[in-house]
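Okay, here's what each chain looks like letter by letter:
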Amino acid sequence: MNRRRWRPGAGIAGVLLRIAQVTAVLLTPLLPGSRAAAQSTPEVFRRFSDRVVKIQVYAARSTAKTTLGSGFYVDGSGTVITNFHVVSKLINEPGRYRAELTDVRGVTVPVTVVAIDVVSDLAVLSSPTRPTAWLPLDTTGIRRGERLYSLGHPQDLGLSIVEGTYNGLLEHTLYPKIHFTGSLNPGMSGGPTITSDGHVAGINVSTEGNEISFLVPAARARALVARAHAPGFRVPGGFLADAARQILAYQDLYLRDMFRPSSPTVRLGSYRLPTQPAPFFKCWGDTYQKPDSQYTVLSHQCSTDDELFISDEQESGVAEVDHRLVTTTTLSTARFFSLYSTRFALADLDFGGDERYVTSFECQTRNVANGATRMRVLFCARAYRKLPGLYDAVVRAATLGSANTGVVTTLKLSGVSFPNARELARRYIGSVSWIQ
Amino acid sequence: MDPVMHLEVVDRDDRVIHRMPFDASVFPLTIRIARSADAAAEEVANRDARLVTSPVGRALLVGAAAFAVFCGFMWMHTYSRSAVPAAIGGGLGYMLGVLLYTMLWAVGGRVATGSSRFARHFVWACVVTVTLILLGVAQNALLFFLPSPFLYVPLAVVSITAVATTIFGHLGIASSMPPVRRWRVAGIAVASIAALVGLAVYSGWNDFSTRVDYVGAIEPLSATVIPAESPDDFAHGLDAVKRKLDRKGSREH
């Protein structure tokens, strides 16, 4: 029996097959959730760059910009998304600054801030333009390793595109952040990072260099835009009061369970101390002894990585734990306590900041007993002038009673309510113990 | 010598420098030239003993003791294996400061009275410096036991008294003022210094700082003798900090 091999391209079936193939190639980019791998970088730039804008902030009576960033249209009513830190000067010193948007054609218009999300570092702006194209904030199903394209105005060199890779949401962070492997640069903040079919994966927010960059997930921007467009939306008390409310709610959430009796502890010498207060802390340890010195310092530190931008002079939202075990086998008791005093009084507690935004510190020092453990405890705090109800605080304790060893432990908190600072100080001191 | 003999020592211009009896020093001996009819020669004190009780001798002894205190203080605050040479270097630094300070008073005394009395000023300066060091140590110990801001007032009074006493002592060496007048002058000097310091503190009262400043002294005592409060009481006591901060925050900067 003769077998006939079926070959495409022959006859009517072949013609229909060819038509189907061409149609698939043409329609695939339009299908939701599809990623046309054939899109090239120049093609992405050509198709979507007109939706990206430059945001510049000026002193009210000046023509020289003080801040440069990027943004993009998210709907046809002229709504623009950018970072909070791009427009923070308008928020922190209203009336002294103005913001303008410049589109890809070079047309410049003024913009106003409509809503902010300080925790996510986002801002919604309103512009008088009515764009005919925008970038939808509705991306789902991006896979790790997928190619992304970041758009923005790096160093005011003009609208640029940067290729990179989606590496998923970071684990153990205080708020969601996307890890983008691409070279973001200053000036690209607030710009979009999109898929090849123009859906926004995230908003450019920060970089650590070496192609390690971070994006705010598009879902956070979508939520902020929805809030801004909700009927009756207002910002009671102004944006600064709104920022304070957001940070207060945020710190209530992440500080709630820190330093509970069930929290993890670490042993340093004869002392048990709190460590890894929450999964979003990163901890490190080291030991220190100069060749000539007669004492050793064993250190253990944990800190969060997720600072909140408040202004150019102030960041907030960071918590740090620092333990230093000081030990000697050769110093006399008197000399050891002289050394121990200098370690307790170490002038390393400088928080930075500007007197326009924070007060100076007020302190209180006491001797505290936690069971059999006696400590010299310092508590210092300062208030935020423009964000009512928020404080920076530091608790430092030095264990007492041993002639040749002791621990100096420090807890630093920024952007917290005073009741939380007080409660955490109480829990922190209560979790330091001497193992007999 | 023959009682009728008459002995004079004259200079080149025949001016009489000495008449009997007189003492001539030939170290380590002192020779008294006298007539036999004169009262029996007093026993001449041993030169070494005079050296010890002389102003120079006292200055050397007190200076050596002060230097030992300075070196000991520096040694207490050095924690490396090369603590001894570091301590000696620090002690020499302190001593140099004392010498420069003494020189100022000596010059002033020379101008005022024609006599510098450097050795006496030096002794007083050493005593004062050692006293101030010991006062500082005592102050830290007191603040460790009673960490209250109200202690700063009596401690300031003690410091002012120490400065006034220092000036009083130097004036007694450098001048012939009666004690009442010396206290008055010392009081005026201290009041002037206190007024300047007070003005400086007041003008800097609202000065902004990002640093955390506090007294960090910790004393080598058994934990059981140190009075302490519970973590709960400590937390309750922090309301005072909040009240001060809220007052600061409400003030215009």
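Residues numbered from 1 in each chain as written. Chains lettered and ligands numbered in written order. Predicted model: local features only at pLDDT ≥ 70, side-chain atom pairs only at ≥ 80, totals over all residues. Heavy atoms only, no water.

Draft legend 1. The overall build of chain B, seen in detail. In terms of helices and strands, chain B carries eight helices and four strands. In sequence order, chain B lays out its α and β elements as β-β-β-β-α-α-α-α-α-α-α-α. Counting the 253 residues in chain B, one finds 26% classified as buried. Sequence-distant contacts in chain B: of pairs separated by 6 or more residues, those separated by 24 or more amount to 47%. A total of about 16100 Å² of accessible surface is found on chain B, and carbon and sulfur atoms cover 66% of it. (Helix = DSSP H or I, 4+ residues; strand = E, 2+ residues; numbered from the N terminus. Buried < 20%, exposed > 50% of the residue type's maximum accessible area, 1.4 Å probe, protein only. Contact = heavy atoms within 4.5 Å. Areas by Shrake-Rupley, 256 points an atom, 1.4 Å probe, with all protein chains shown as cover.)

Draft legend 2. Layout of the packing of aromatic side chains. Residue and element names in this part refer to chain A. On inspection of all chains with the given rule, the structure shows 17 aromatic pairs over all chains. Look at Phe259 and Tyr428: their rings are 5.1 Å apart centre to centre, the planes differ by 75°, and that puts the pair in the edge-to-face class. Of this pair, Phe259 sits in the loop between α5 (239–255) and β13 (265–268) while Tyr428 sits in helix α7 (residues 418–430), placing them 169 residues apart in sequence. Judged by its relative accessible area of 4%, Phe259 falls in the buried class. (Phe/Tyr/Trp six-rings, centres within 6.5 Å; stacked < 30°, edge-to-face > 60°.)

Draft legend 3. Layout of the nonpolar core. Membership of the largest hydrophobic core comes to 75 residues, with the highest contact counts inside it found for Phe379 and Leu387 of chain A. A per-element tally of this core places α5 of chain A first, with seven residues. When sequence neighbours within four positions are dropped, the list of residues in contact with Phe379 of chain A reads Glu362, Cys363, Gln364, Ala393, Val394, Val395, Phe418, Ala421 and Ala425 of chain A together with Phe234, Leu238 and Val241 of chain B. (Core = buried A, V, L, I, M, F, W, Y, C linked by side-chain atoms within 4.5 Å.)

Draft legend 4. Spatial organisation of the interface of chain B and chain A. In this complex, chain B contributes 51 residues to the contact, which on the side of chain A involves 62 residues. Interface of chain B and chain A: buried area, both sides summed, is about 5100 Å²; carbon and sulfur atoms make up 60% of it. Summed over the three residues of chain B that lose the most area to chain A, namely Tyr79, Tyr214 and Ile218 of chain B, the buried surface amounts to 16% of that side. The tally of links between chain B and chain A comes to five salt bridges. Taking the shortest distance from any N to any O, the salt bridge between Arg422 of chain A and Asp239 of chain B comes out at 2.2 Å. Joining chain B to chain A, the criterion identifies 27 residue pairs in polar contact (both at pLDDT 80 or more). Sorting the residues of the side of chain B that touches chain A by element identifies α2 (55–76), α4 (118–145), α7 (231–236) and α8 (239–250) of chain B as the ones contributing at least two each. (Buried area = accessible area lost by both parts, 1.4 Å probe. Salt bridge = Lys/Arg side-chain N within 4 Å of Asp/Glu carboxyl O. Polar contact = N/O pair within 3.5 Å; in protein donor to acceptor, adjacent residues only side chain to side chain.)

Draft legend 5. Molecular detail of helix α4 (residues 218–228) of chain A. Residue and element names in this part refer to chain A. Within α4, burial applies to Ala218, Ala221, Leu224, Val225 and Ala228. Mapping the buried residues of α4 onto a view down its axis gives an arc of 120°, with all of them on the same face. Along its buried surface, α4 packs onto β3 (79–82), β5 (108–117), β6 (122–126), β11 (200–207) and β12 (213–217). (Arc of directions from axis to C-beta.)

Draft legend 6. Highlighting the state of the cysteines. Residues and elements named next belong to chain A. Tallying each qualifying case throughout the model produces two disulfides over all chains. In this model, Cys283 is linked to Cys302 through a disulfide, with the two sulfur atoms separated by 2.0 Å. In this structure, the disulfide formed by Cys283 and Cys302 twists by about 110° around the S-S bond and is classed as right-handed. With Cys283 in strand β15 (residues 282–288) and Cys302 in strand β16 (residues 296–303), the pair connects residues that are 19 residues apart, well separated along the chain. Note on cysteine connectivity: Cys363 is disulfide-linked to Cys380, with sulfurs 2.0 Å apart. Taking the sign of the S-S torsion, 115° for the link of Cys363 and Cys380, the bridge is right-handed. Of the two residues, Cys363 sits in strand β20 (residues 362–370) while Cys380 sits in strand β21 (residues 373–383), which places them 17 residues apart along the sequence. When its relative accessible area of 26% is taken as the criterion, Cys363 is described as partly exposed. The class of Cys380 is buried, set by a relative accessible area of 0%. Bonded cysteines in chain A are paired 1-2, 3-4 when counted in the order they occur along the chain. (Disulfide = S-S within 2.5 Å.)

Draft legend 7. Molecular detail of the side chain of Ser417 of chain A. All names here are of chain A. When you line up the elements, Ser417 lands in the loop between β23 (405–416) and α7. In this structure Ser417 comes out as buried when scored by relative accessible area, which is 9%. Those residues in contact with Ser417 that lie beyond four places of it in its chain are Leu248, Gln251, Gly389, Leu390 and Tyr391.

Draft legend 8. How the structure looks around the sheet that holds β15 of chain A. Residues and elements named next belong to chain A. Read across the open sheet, the seven strands follow the order β15-β16-β19-β23-β22-β21-β20; overall the sheet is antiparallel. A single partner strand is all that each edge strand has here, and the edge strands are β15 and β20. Taken pair by pair, the neighbouring strands of this sheet meet at an average axis angle of 15°, ignoring direction. As paired strands, β21 and strand β22 (residues 391–399) are joined by nine bridges and run antiparallel to one another. (Pairing = 2+ DSSP bridges. Axes fitted to C-alpha atoms, helices over the stretch in contact; angles between N-to-C directions.)

Draft legend 9. Looking closely at the sheet that holds strand β24 (residues 433–434) of chain A. Residue and element names in this part refer to chain A. Reading across the sheet, the three strands line up as β13-β14-β24 and stay open at both edges, with antiparallel pairing between neighbours. Taken across any chain shown, the strands that pair with only one partner, and hence form the sheet edges, are β13 and β24. Pairing of strand β14 (residues 271–274) with β24, which is carried by two bridges, proceeds in the antiparallel orientation. Of the residues in β24, the one forming a bridge with Tyr271 is Trp434.

Draft legend 10. Molecular detail of a nonpolar patch on the surface. All names here are of chain B. Where nonpolar side chains cluster on the molecular surface, the patch consists of Leu96, Leu100, Met103, Val107, Val111 and Phe118 and spans about 580 Å² of accessible area. The leading source of residues in the nonpolar patch is helix α3 (residues 83–113), at five residues. As for its position among the elements, Phe118 is in helix α4. Accessibility expressed as a relative area gives 31% for Phe118, which makes it partly exposed. (Patch = residues over 30% accessible without salt bridge, like charges linked within 9 Å, V, L, I, M, F, W, Y side chains within 5 Å.)

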